[in-house]
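What follows is each chain in one-letter form.
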Amino acid sequence: MKVLNEINVVCLLTCSIFLGVTAQKHIQHSDNPSTYNIGGVLADPDSEAYFRRIISHLNFDQQYVPRKVTYYDKTIRMDKNPIKTVFNVCDKLIEKRVYAVVVSHEQTSGDLSPAAVSYTSGFYQIPVIGISSRDAAFSDKNIHVSFLRTVPPYYHQADVWLEIMFHFGYTKVIIIHSSDTDGRAILGRFQTTSQTNYDDIDVRATVEMIVEFEPKLDSFTENLIDMKTAQSRVYLLYASTEDAQVIFRDAALYNMTEAGHAWIVTEQALHANNTPVGVLGLVLEHANSDKGHIRDSVYVLASAIKEMMSNETITEAPKDCGDSGVNWESGKRLFQYLKTRNITGDTGQVAFDDNGDRIFAGYDVINIHEKQKKHVVGKFYYDGEKAKMRLRINDSEILWPGKQKKKPEGIMIPTHLKILTIEEKPFVYTRRLSDDEVTCDEDEIPCPLFNATDGSENENCCRGYCIDLLNALSHRINFTFDLALSPDGLFGHYTLKNVSSSSSGAIKSRKEWNGLIGELVNERADMAMPLTINPERAEFIEFSKPFKYQGITILEKKPSRSSTLVSFLQPFSNTLWILVMVSVHVVALVLYLLDRFSPFGRFKLTHAESNEEKALNLSSAIWFAWGVLLNSGIGEGTPRSFSARVLGMFWAGFAMIIVASYTANLAAFLVLERPKTKLSGINDARLRNTMENLTCATVKGSSVDMYFRRQVELSNMYRTMEANNYDTAEQAIQDVKKGKLMAFIWDSSRLEYEASKDCELVTAGELFGRSGYGIGLQKGSPWTDAVTLAILEFHESGFMEALDKHWIFHGNAQQCELFEKTPNTLGLQNMAGVFILVAAGVAGGVGLIIVEVIYKKHQVKKQKRLDIARHAADKWRGTIEKRKTLRASLAMQRQYNVGLNANPGTISLAVDKRRYPRMGPRAPEQAWKTDADILRNRRYLVEATKGGHTPVVHMPILGKMRPPTNMLPPRYSPAYTSDVSHLVV
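Residues numbered from 1 in each chain as written. Predicted model: local features only at pLDDT ≥ 70, side-chain atom pairs only at ≥ 80, totals over all residues. Heavy atoms only, no water.

What counts, and what does not: UniProt positions are given in the numbering used here, feature names are shortened, and annotations may be inferred rather than shown by experiment.
If you check an unreviewed UniProt entry, the protein appears there as Glutamate [NMDA] receptor subunit 1 from Ceratitis capitata. Reading the Sequence similarities (unreviewed entry) entry of the UniProt record for the protein gives the comment "Belongs to the glutamate-gated ion channel (TC 1.A.10.1) family."

Quick look at the structure:
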């Protein structure tokens, strides 16, 4: 057995190679087959007979069959057992080399047998054309790879639903479907087609609620209770006949089949025996015409084979089901040719989509009248001129639920609304309740914040402009509401999200909104405020008329006043101050020179005029020049000469002009200075070409952000400011106050409010991007017109103006205007430099006096040292002179003594005896004292002084002595001269 298998494998490989080579030669040199077998798996003998007849007639139709080409029929009966069907297809069709198979079945037998034919034929790439199978499963090309059908699947009725919704103007529906493949397919088809083919959101049908149920229902009451809470009263139903009976039974119990409701159902549900009066349903044209579908399928097949024969060579079809390795490429190509057919047949325009499903199928719009009578009130048909499907309905013939002739509104207007808001001063102020607070204040409304991530809830209270407006609206148009804050804290902007299509698999971009807009679009809120009206948002939601007209402006901080320490120097430029300083000293120097060299100056006066002032020196001249300039009194040091005084008068005039100009400019700079804005508006060149030192920003994803994105001329500016954008307006305004952000671009209402509250802030330039604040509502909301009319009445009555005065301006705008018109009061920051100048003068004077004192002490010490040195030198010099004089006197004395030694008895002796009577005889001594005598006398003097006696002072040269009475006369050696006549003058 193993050997046989190996041989079979080798044979198969050899045959495959041989067949490949033969096929290549056939493509190049051989013609296409001249005979084509068409298989048929049909439900009854009549269909088989009609199939054979159609094949016979086809051979004589030269429009579809070329010459020398013949078609043959190969038919079998559809067996309810899918396994037997498989064997029959292999033994009786594939063995006969059929190029395609037409399959039909009884509606009561199920789709298992047609599926078996599709599986078996598809395995060998043999195209299968179904004429009665409408299940969504046959659209899956991963399973039914070569299946086409001349009848559309059930879920294609969603296309007709959308056309009916558009015709009646219904924009909000509830879809009820079974949880099987067809039920989910019809929901997906409805949503996808609605977003793809209906770009105008004003007419686009949106699904408010989806109700999915398991087949074979027992009760539907729980779902009906939830449906009654929805706004929509239009129900789209896909269900089997049995399930539809249960749904209609329970709906009647809840009066949901009476007036005000609208039911649109598919074919299966329309066959229920208790279908309510007024229900609209669809019935496929030629749904039970097997003969028409057989003829169309055969002619579609013949058209595809003819075109394929003219373009390429068709190889023979597979013959043996046991050959699992056969891959019939011509079958794949033939399937592609079949999908491109578009012919007019007995069942209408026959064409196929990429899944091989029939398109351009016609439907009858059925209206249920009394006693279950079905009345055709419209058609969904193919328009050959425009090559598309059209819907035509006769509204006057429709009988609606409750036996009404008037079309239902399709929506129930709720009186209790869910309203969302967001903190935006002054329109909405929020305050979180503290732990000890239970309720909000009288002027506040509870507005909880629901956290979508963790499901928590924070209790908050809201007040403001919009809260007062909301209260007025609720009383005016009679509704109640629950207020809550935006879950994500955003106004709302859209992002493009890539979504893959379930049918085609293509990736498409879809806009998804967040914030307040997202809550309205997803129908999680009925109303939202405040919102700036712009085209991007108006495409997805509805807006009321603006309750506040505004635009976009720029907020910045006012330039700070010049309050530096040298503010008093601002009236003159640096150059002028330097020239004034130089002029003072130049004039002083010239005054000094004129008065110095003038013949009439003080330097030339006689000394007799002792009562005149001192002469003008250079320091006095500088003092005079500064005194005139500073307008201070000049007590001394004025010029004497006429020429100097003329210069002084001109200098006084110069000083008067300079001082007057300085005073005037100082008043202009420090008192009348009014700061202006740094920017002129949105067209300021510094904004258009943003510099590094100028930062501007707005709020991410806001209406202002959208405005900049769609303005081409502001693209360069937007690219620069995009990186600086803030999450909230509150953060940006705080940074403007702190000086971190130079320009914040936002809605004018908010920025005017901030500027009126803080006079240090100012709005720059004119408004641009004018729009308004409005109330956002869902598309098709029944409250839109009522809210708009109420707002218009509020404008006319002055209520909106009162809200503006109370919440936006607060009366602070007038205070800021008065502040701008009032002259500035000089403060310490303005004149601090002058005080510092005086303090510097005082410090300089104290410092100089300290230097003077230290210098004077140094000079006094130096003078004392000089005086001591000079006195010592003078004393030393006197001592030297005395000694010289003494030596000279001694020398003269010796000369006299030589001449006096011959006459010892002289008058001197007599005199001495009289003066010193007690003096006894003594030996001859020296006449002049020697150094030893002098030392002896000094010792005597010292001893006498110690003893309390007054010493005798001996003069060095003939001095007078005052000897005391108790002192002995000095001894002279050798003796007294007797002759002193030569000493008497």
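This is not the end of the story, as more comes after the structure.
Quick notes on the overall build of the protein
Put simply, the rule is: Runs of H or I in DSSP of at least four residues are treated as helices and runs of E of at least two as strands, each being numbered from the N terminus. Burial status follows relative accessibility: with a 1.4 Å probe on protein chains alone, a residue under 20% of its type maximum counts as buried, one over 50% as exposed, and anything between as partly exposed. Accessible surface is estimated by sampling points in the Shrake-Rupley manner with a 1.4 Å probe; for residues, cover comes only from the protein chains shown.
Summing up its helical and strand segments, the protein has 28 helices and 31 strands in all. The proportion of buried residues among the 985 residues of the protein is 41%. Approximately 53,700 Å² of the protein is accessible, and the part contributed by carbon and sulfur atoms is 56%.

Quick notes on the nonpolar core
Keep this limit in mind: Within this scheme, the nonpolar core is defined by two criteria: the residues are buried Ala, Val, Leu, Ile, Met, Phe, Trp, Tyr or Cys, and they are joined through side-chain atoms within 4.5 Å. Any pair of residues with heavy atoms lying within 4.5 Å of one another is described as a contacting pair.
Formed by 56 residues in total, the largest nonpolar core has its most connected members in Val41 and Tyr71. If one sorts the elements of this core by residue count, helix α10 (residues 290-311) sits on top with 10 residues. Setting aside chain neighbours within four positions, we find Tyr71 in contact with Tyr36, Ile38, Ile55, Leu58, Asn59, Val65, Ala302 and Ile305. Leu516, Ile554, Val736 and Leu751 belong to the second-largest nonpolar core, a separate cluster that totals 46 residues.

With respect to the environment of Gly281
Looking at the element boundaries, Gly281 is found in strand β10 (residues 280-284). Assessed through its relative accessible area of 0%, Gly281 is described here as buried. Expressed as a C-alpha distance, the spacing of Gly281 and Ile264, which sit 17 residues apart in the sequence, is 5.5 Å. When neighbours within four sequence positions are excluded, Gly281 is seen to be in contact with Val265, Leu270, Asp364, Val365 and Ile366.

As for the pattern of salt bridges
Definition in use: Within this document, salt bridges are pairs made up of a side-chain nitrogen of Lys or Arg and a carboxyl oxygen of Asp or Glu, the two lying within 4 Å of each other.
Counted under the stated rule, the structure contains 33 salt bridges. A salt bridge links Asp705 to Arg709; the shortest N-O distance between them is 2.9 Å. Taken together, the positions of Asp705 and Arg709, both in helix α19 (residues 703-710) and four residues apart, correspond to about one turn of that helix. Here Arg870 makes a salt bridge to Asp867, at a shortest N to O gap of 2.9 Å. With Arg870 and Asp867 both in helix α26 (residues 828-900), this residue pair falls three residues apart, about one helical turn. Note on Arg870: relative accessible area 44%, which makes it partly exposed.

A word on the state of the cysteines
Heads up, the condition is: Sulfur atoms of two cysteines make up a disulfide when they are within 2.5 Å.
On inspection of all chains with the given rule, the structure shows three disulfides. With its sulfur 2.4 Å from that of its partner, Cys90 forms a disulfide with Cys321. An S-S torsion of about -95° defines the bridge between Cys90 and Cys321 as left-handed. Here Cys321 lies in the loop between α10 and α11 (329-339) and Cys90 lies in helix α3 (residues 82-92), a separation of 231 residues in the sequence. The residue that forms a disulfide with Cys447 is Cys462, at a sulfur-sulfur distance of 1.9 Å. Taking the sign of the S-S torsion, about 90° here, the bridge from Cys447 to Cys462 comes out right-handed. Of this pair, Cys447 sits in the loop between β19 (445-446) and β20 (449-450) while Cys462 sits in strand β22 (residues 460-463), and the two are 15 residues apart along the sequence. For Cys462, a relative accessible area of 0% gives the class buried.

Overview of the sheet that holds strand β12 (residues 348-352)
Using the following cut-off: At least two DSSP bridges between two strands are required for those strands to pair.
Within the open sheet, the three strands sit side by side as β11-β12-β13. Their pairing is antiparallel. In this open sheet, the two edge strands, each paired with only one partner strand, are β11 (342-345) and β13 (358-359).

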